[in-house]
Number of protein chains: 2
Amino acid sequence: SEALAPEAGLACRAWLALKGLIMGLVLKVCNFFRKAWDLGQNEPKKVIHCLKVGMALTVVSLFYYMRPLYEGMGGNAMWAVMTVVVVFENTVGATICKSLNRICGTFVAGSLAIGIHWIVSQSGKEFEPFINGISVFLLASAVTFSRFIPSVKKRFDYGAMIFILTFSLVAVSGYRVDKLLEMANNRVYTIIIGTALCIMITMIIYPIWAGEELYMLITRNMDKLAYSLDGCVGEYFNESGSSSEGDKESAKKLLGYKCVLTSKATEEAMANFARWEPAHGRFNFRHPWKQYLKIGASMRACAYCIDALDGCVNSENEVPELIKKHMSNIALKVSSESSRVIKELAKTMKTMKKSSTIDYLVGEMNNAVLELQEDLKSLPTLFINPQPLQGADCPEKKNTGAVALMDIMPLVTLVSLLIEIATRIEGLVNA
Amino acid sequence: SEALAPEAGLACRAWLALKGLIMGLVLKVCNFFRKAWDLGQNEPKKVIHCLKVGMALTVVSLFYYMRPLYEGMGGNAMWAVMTVVVVFENTVGATICKSLNRICGTFVAGSLAIGIHWIVSQSGKEFEPFINGISVFLLASAVTFSRFIPSVKKRFDYGAMIFILTFSLVAVSGYRVDKLLEMANNRVYTIIIGTALCIMITMIIYPIWAGEELYMLITRNMDKLAYSLDGCVGEYFNESGSSSEGDKESAKKLLGYKCVLTSKATEEAMANFARWEPAHGRFNFRHPWKQYLKIGASMRACAYCIDALDGCVNSENEVPELIKKHMSNIALKVSSESSRVIKELAKTMKTMKKSSTIDYLVGEMNNAVLELQEDLKSLPTLFINPQPLQGADCPEKKNTGAVALMDIMPLVTLVSLLIEIATRIEGLVNA
């Protein structure tokens, strides 16, 4: 039994280790599913997209199950399935963009490859592999290179890849397959069927438009920006006397501007896809999507300023209460005026009508800025006259001054943003 | 002849229009090629990548041309070609990542589909389409949904797509094809051959490592940041007396920090791919790539500050020459000290050794900041004593103060960046 005891201990330990491992795994899986569930609840659009993909695949697989359809297509029905999987994207614009890329790429590459095949077949069978190999090498290199050129990459990246794929497949298999033309024909047909199905499903059943997503992203970001600006300055001048629960809520809102900082790539992709979409909802076909990018860029510039402002607010330099109180009213006014302008802009975007009050609000904002500057001018007098010794406190005063100046900076940016919006709205009114 | 004249005029005009159109087109094509040529000259790595793609495709098409190889594979050799086109990426890490994703996705989906096929075939042929259809619908929806989950999207996005593709292809074609297992087998083989070829070519012939690219991007951005900081402050205090040629050069350098602002997506993609790469050059297998992301984020925070600083410098508020002169020395010193720290950091990154002078430089920088603060304290005295009336100029003075404060902010960020680097370097020394 002495020999058994350590063995039992070992088995016990192994069992415990295994148990721990399994429990850890189960926990991880649970976590994963909980996260997935949350995601599904927060964004039902994504769940619908998934169901749409499943539906498209099921429909396209009918080509296999129904005898008359299968006999028309043969094994090429595979290409329809493949097309659906690869082309179906979240937004309508992306799906259309990929579909067109796929059809054009396949068609051009197929024609070219068949043309070369025909020329080569006139010259004799023995040279074919060499000529084919060289043409594949040259074209693949050239097209791969073109994918690096920004203007191509932005719109035809996928098409270029499909071009290489189709060209090499057709060129290479032309050596072995006899009915090349028929095969290519069938393939193009199946791809067209697949893409048509995708576009139909994506547009008819609960469509998700890239343009609308972009539009909502921009207006949402605008709101966040206004809250952040408001909150940042407000928090600075009113640090005490707020409950910790409200604090967490507001701290979350304060960090809203970080979303603005990181949304550049999404905006660009959306604007790119939105160009491909037909007219829908309140958006025309030639809606000025590029203006959204400009607005996004201006908003990012604002967000940089807010980031810097936030850094100042949280820096360690303390400001004497007296000056803080003196400045708080006017600084709060500037920030609230400017955030009101942003909110009004967001409202303008939402209703897509030129707001009647926006000019007035901008004027108010500029007035507040002027007032702030006046106030700053009077500050040193205030400083030096009652307590002459406090002149040495200047680095702290500088802090307030810095906050004020940085407040002006978003305003400057805001005004430029405003002018842009005005032009955009004019463009809309004209369209 | 009267009837002829307007016709001739029309033909002439049509000819001119056509000529203009063709000339415009030729000009566009020329421009395109010139751009492509510039790109090729500036980045020879991309050209080499293109030649590698061409080579891989030519090699893989040997499967078609050589009879013994083709007889072994049959039409499935197509999958090898397809794999090469789809999997071959610019960097080694991306290629390996995609290859593994493709192999795993195909294998798992294939096994699952064959398993379901076997179960279904036991139960009878007539239910097969329905069961297959439902399973395709459910799995495609679920996997598409999983692609939205961030952790999956980051690493297994491509694998999930391949999973859907393979599963639906196998499940659907299982209804018509008899030798399913053999087909699946062949397909997996060809994919493995294709990916192996890609990985070999991408690693052996002039490899482009994602890790090295990331590393170079970070160090290059650091240098740019230092130049921008230096240049921004320098330009402000020394606006006159520089030739316009040098100005353009320096203006370009000044905007270097914009690159830092926009390089986030690239950094993240690179770090993601770098994790897959084997040890190469000076980088170990478990090189702490995430630290690079942290450094990148700190650098972006610095760049935000520089952006705000740049805005201040270019704002319309003018500062009286006297104060400007008074402040210029010390502000220049702070900026040059801090940019020296960044440069030293870049050097540390380049040599991957803990620099002996870095602590000293940080100390110098902090001293300069303190000096600047002292100077600011003495400023009001300077202000008020000689010309008491100039007290009204405070908003301008505030401007200088703001510049100084904003100078401190990058420093604060810098120090935190520094601490991070120090930990990273320690990690390196330990590894």
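Every value quoted in this text rests on a predicted model; they were computed, and no experiment measured them. (Residues numbered from 1 in each chain as written. Chains lettered and ligands numbered in written order. Predicted model: local features only at pLDDT ≥ 70, side-chain atom pairs only at ≥ 80, totals over all residues. Heavy atoms only, no water.)

Draft legend 1. A look at a positive patch on the surface. Together, A:Lys154, A:Arg275, A:Lys290 and A:Lys294 line one region of the surface with positive charge. Here A:Lys290 lies in helix H14 (residues 289-313). (Patch = residues over 30% accessible without salt bridge, like charges linked within 9 Å, V, L, I, M, F, W, Y side chains within 5 Å. Areas by Shrake-Rupley, 256 points an atom, 1.4 Å probe, with all protein chains shown as cover. Salt bridge = Lys/Arg side-chain N within 4 Å of Asp/Glu carboxyl O. Lys, Arg positive; Asp, Glu negative; His and termini not counted. Charge placed at Lys NZ, Arg CZ, Asp CG, Glu CD. Helix = DSSP H or I, 4+ residues; strand = E, 2+ residues; numbered from the N terminus.)

Draft legend 2. Focus on helix H9 (residues 180-204) of chain A. Across its 25 residues, H9(A) extends 36 Å between first and last C-alpha, which sits within 8% of the 36 Å expected from 1.5 Å per residue. A:Tyr206, located one to two residues past H9(A), shows a positive phi value of around 45 degrees. (Expected span 1.5 Å × (residues − 1).)

Draft legend 3. Spatial organisation of the layout of surface pockets. The computed volume of the second largest pocket comes to approximately 660 Å³. As for the second largest pocket, its lining consists of 22 residues, and the residues nearest its centre are A:Phe32, B:Val143, B:Ser146, B:Val152 and B:Ala160. Taken together, the elements giving at least two residues each to the lining of the second largest pocket come down to helix H1 (4-42) of chain A together with helix H6 (92-123), helix H7 (128-146) and helix H8 (150-173) of chain B. Top element by residues in the lining of the second largest pocket is H1(A). It accounts for six residues. (1 Å grid on protein atoms, 1.4 Å probe; cavity = no way out; pocket = protein on both sides within 12 Å on 5 of 7 lines; lining within 4 Å. Points joined across faces, edges and corners; volume = space filled by probe spheres on them.)

Draft legend 4. Structural context of the state of the cysteines. The full count for this structure, using the stated rule, is zero disulfides over all chains. Counting only cysteine sulfurs, A:Cys104 is the nearest neighbor of A:Cys97, a cysteine outside any disulfide, at a range of 10 Å. (Disulfide = S-S within 2.5 Å.)

Draft legend 5. Representation of a nonpolar patch on the surface in the model. Residues and elements named next belong to chain A. On the surface, a nonpolar cluster with roughly 710 Å² of combined accessible area is contributed by Met55, Val59, Leu62, Met66, Met200, Ile204, Ile205 and Tyr206. Breaking the nonpolar patch down by element, the ones donating at least two residues are helix H2 (44-60) and H9. The class for Met200 is partly exposed, based on a relative accessible area of 48%. (Buried < 20%, exposed > 50% of the residue type's maximum accessible area, 1.4 Å probe, protein only.)

Draft legend 6. View of helix H2 (residues 44-60) of chain B. The terminal C-alpha atoms of H2(B), which comprises 17 residues, lie 25 Å apart, in line with the 24 Å expected from a rise of 1.5 Å per residue. Summarising the contacts, the buried residues of H2(B) are in contact with helix H7 (128-146) and helix H8 (150-173) of chain A together with helix H3 (62-65), helix H5 (77-87) and helix H9 (180-204) of chain B. (Contact = heavy atoms within 4.5 Å.)

Draft legend 7. Layout of the packing of H6(B) against H9(B). Residue and element names in this part refer to chain B. Contact geometry for H6 and H9: axes closest at 10 Å, N-to-C directions at 175 degrees. As summarised for this structure, H6 and H9 are arranged roughly antiparallel, according to the angle between their axes. Here Val92, Thr95, Ile96, Ser99, Arg102, Ile103, Thr106, Ile114 and His117 of H6 come into contact with H9, specifically with Leu180, Leu181, Ala184, Val188, Ile191, Ile192, Thr195, Cys198, Ile199, Thr202 and Met203. Here the residues of the contact of H6 with H9 sort into 13 nonpolar, six polar and one charged. (Axes fitted to C-alpha atoms, helices over the stretch in contact; angles between N-to-C directions. Parallel < 35°, antiparallel > 145°, perpendicular 65-115°, else oblique. Nonpolar A, V, L, I, M, F, W, Y, C, P; charged D, E, K, R; others polar.)

Draft legend 8. Up close: unusual backbone geometry. Phi is positive for A:Tyr206, which is not a glycine, with a value near 45 degrees. By the element assignment, A:Tyr206 lies in the loop between H9 and helix H10 (210-237).

That's the geometry; what it means functionally is another story.
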